[in-house]
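Residue-level structural notes
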Amino acid sequence: MSEPTLRFPDGFVWGGATAAYQIEGAAREDGRGPSIWDTFSRTPGAVFQGHTGDVACDHYHRYAGDVALMAELGLRAYRFSVSWPRVRPDGTGPVEPRGLDFYDRLTDALLDAGLDPIVTLYHWDLPQALEDRGGWTVRETAEHFAEYALAVHGRLGDRVRTWTTLNEPWCSAYLGYGSGVHAPGRRDAGDAFRAVHHLLLGHGLAARALRAAGAETLGITLNLADVQPADAGSAADAEAVRLVDGLHNRIFLDPLTGGGYPADVLAHVSRIVAPDFIRDGDEKLIAAPLDLLGLNYYAPTYVAGRPGGAGGDAYPGTAGAVEFLPPAGPLTEMGWSIEPAGLTRLLERVAADHPGLPLMITENGGAFPDTGLDERGGVADADRVAYLDGHLRAAHEAIARGVDLRGYLVWSVLDNFEWAEGYRKRFGIVHVDYLTQRRTPKHSARWYQEVIARNGL
């Protein structure tokens, strides 16, 4: 193995990530209750060809083999999410011990294999019973989330060091309650902003409870956007960037890091819905100290300020003022542009705006049309290798410029249920045959194995 020309810092965390509903299956086993994704996936037209996560990768039964495969590939950390309805089937009632038993076994298997478990407490699978009572648009859901978080910590806290409260609250709020393309499928701009606040409040309440219980490292994962103007010299485009950046990034980052909601963002929200759901003291709760900020990055966002612009349903209040430019250049199978430089820009921006906050790339990867088994029984995915290589080089460039980046978790370890896209889009470095559940490492998995082994490129 050749010496790396780009070496990452000693102790850099190399790993992979998944999410409960996307891989576990066993949707009706051991007392698990229904989630909003169980309901949404059964809504006609909501998910490609009516696919569901009922079986997914059957990880609930095959976790031991999956952990062994991760160890073989050299992963040092594994970020997985806990299914809230598996632990508390109705969201609020008694804990289901069989659900916690599964995560207990998984955690032990990871530690025995030399992998550090990184727990995400919420990756979009809200118990349906809570959605029936208002979901993330009501305050009670945030309070119940903190109770659930404490129940999980009570079982795993003696072995799990790193805890992430939420994954991508932007998606949960805007895609789930604003545009309706994700569960629970609501289309109400006011509800989207209510959900933003109660998700953040849930984070703050859970972080406070976990800290009091002795949690070592606490964080949250955001899918921050590298928002760029169509024309760098255009004042109208700069204003569009400010608006979209406020709705995507600053509405989360600023209150999480103690600055409260930005005044311009609150003014924008107030034109759509009265922000009476924000109570005195909420912003202080949301600003619970962070030990780590997770960043999920896939593609940049280019915008222009144009009267009559189409705007976007996932960005309430942008219609008539903002045009989102179509992706350009090489694209992933999701239709997302491939621009690694956007990752460098984003990491530098967050590091500059919030100095002293350690960062981790908690998701990065690409969906590509894998070409099937090669003559050696592997899966050729040269496009994914090139994508990962480019983004790791971009991450290294950010480190060289002084960014405190602690690790990189590839998305995803396994091909899986890709939300509204069902099973037709594959992000995994390990191929999954959904009929046989056979796992086959792709060329990207072996490439990543070598990157980890030499801690560099």
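Quick look at the structure, then.

Observations regarding helix 13 (residues 341–353)
Given a rise of 1.5 Å per residue, 13 residues ought to cover 18 Å, and the 18 Å separating the end C-alpha atoms of helix 13 matches this to within 8%. Looking at helix 13, one finds that the buried residues are Gly342, Leu343, Thr344, Leu346, Leu347 and Val350. Next to the buried residues of helix 13 lie strand 7 (292–296), strand 10 (359–363), helix 14 (382–400) and strand 11 (405–411).

Some words on the pattern of salt bridges
Applying the stated criterion across every chain, the model contains 38 salt bridges. Among the salt bridges present, the one from Arg186 reaches Glu131, with a minimum N-O distance of 2.9 Å. Within this pair, whereas Arg186 is found in the loop between helix 8 (169–178) and helix 9 (189–212), its partner Glu131 is found in helix 6 (residues 128–131), the two being separated by 55 residues in sequence. Note that Arg242 and Glu239 form a salt bridge whose closest N and O atoms lie 2.4 Å from each other. Highlighted residues: Arg242 and Glu239, both in helix 10 (residues 235–256), separated by 3 residues, approximately one helical turn. Judged by relative accessible area, Arg242 falls into the partly exposed class, the value being 33%. Judged by its relative accessible area of 40%, Glu239 is partly exposed.

Let's talk about the nonpolar core
Counting residues in each nonpolar core, the largest one holds 145 residues, and the members touching the most others are Trp37, Tyr122, Tyr174 and Tyr448. Element by element, the count of residues in this core is highest for helix 9, at 11 residues. Leave out the neighbours within four places in its chain, and Tyr174 touches Ser179, Gly180, Ala192, Phe193, Val196, Leu247, Ile251, Phe252, Ala314 and Pro316.

Brief notes about the pairing of strand 2 (residues 77–81)
Buried residues dominate strand 2, accounting for 5 of its 5 residues. Of the two faces of strand 2, both are covered, the one formed by Ala77, Arg79 and Ser81 as well as the one formed by Tyr78 and Phe80. By the bridge criterion, 3 bridges tie strand 1 (residues 13–17) to strand 2 in an arrangement that is parallel. Across the sheet, residue Gly16 finds its bridge partner in strand 2, namely Tyr78.

Thresholds applied
- Residues numbered from 1 in each chain as written.
- Predicted model: local features only at pLDDT ≥ 70, side-chain atom pairs only at ≥ 80, totals over all residues.
- Heavy atoms only, no water.
- Helix = DSSP H or I, 4+ residues; strand = E, 2+ residues; numbered from the N terminus.
- Expected span 1.5 Å × (residues − 1).
- Buried < 20%, exposed > 50% of the residue type's maximum accessible area, 1.4 Å probe, protein only.
- Contact = heavy atoms within 4.5 Å.
- Salt bridge = Lys/Arg side-chain N within 4 Å of Asp/Glu carboxyl O.
- Core = buried A, V, L, I, M, F, W, Y, C linked by side-chain atoms within 4.5 Å.
- Pairing = 2+ DSSP bridges.

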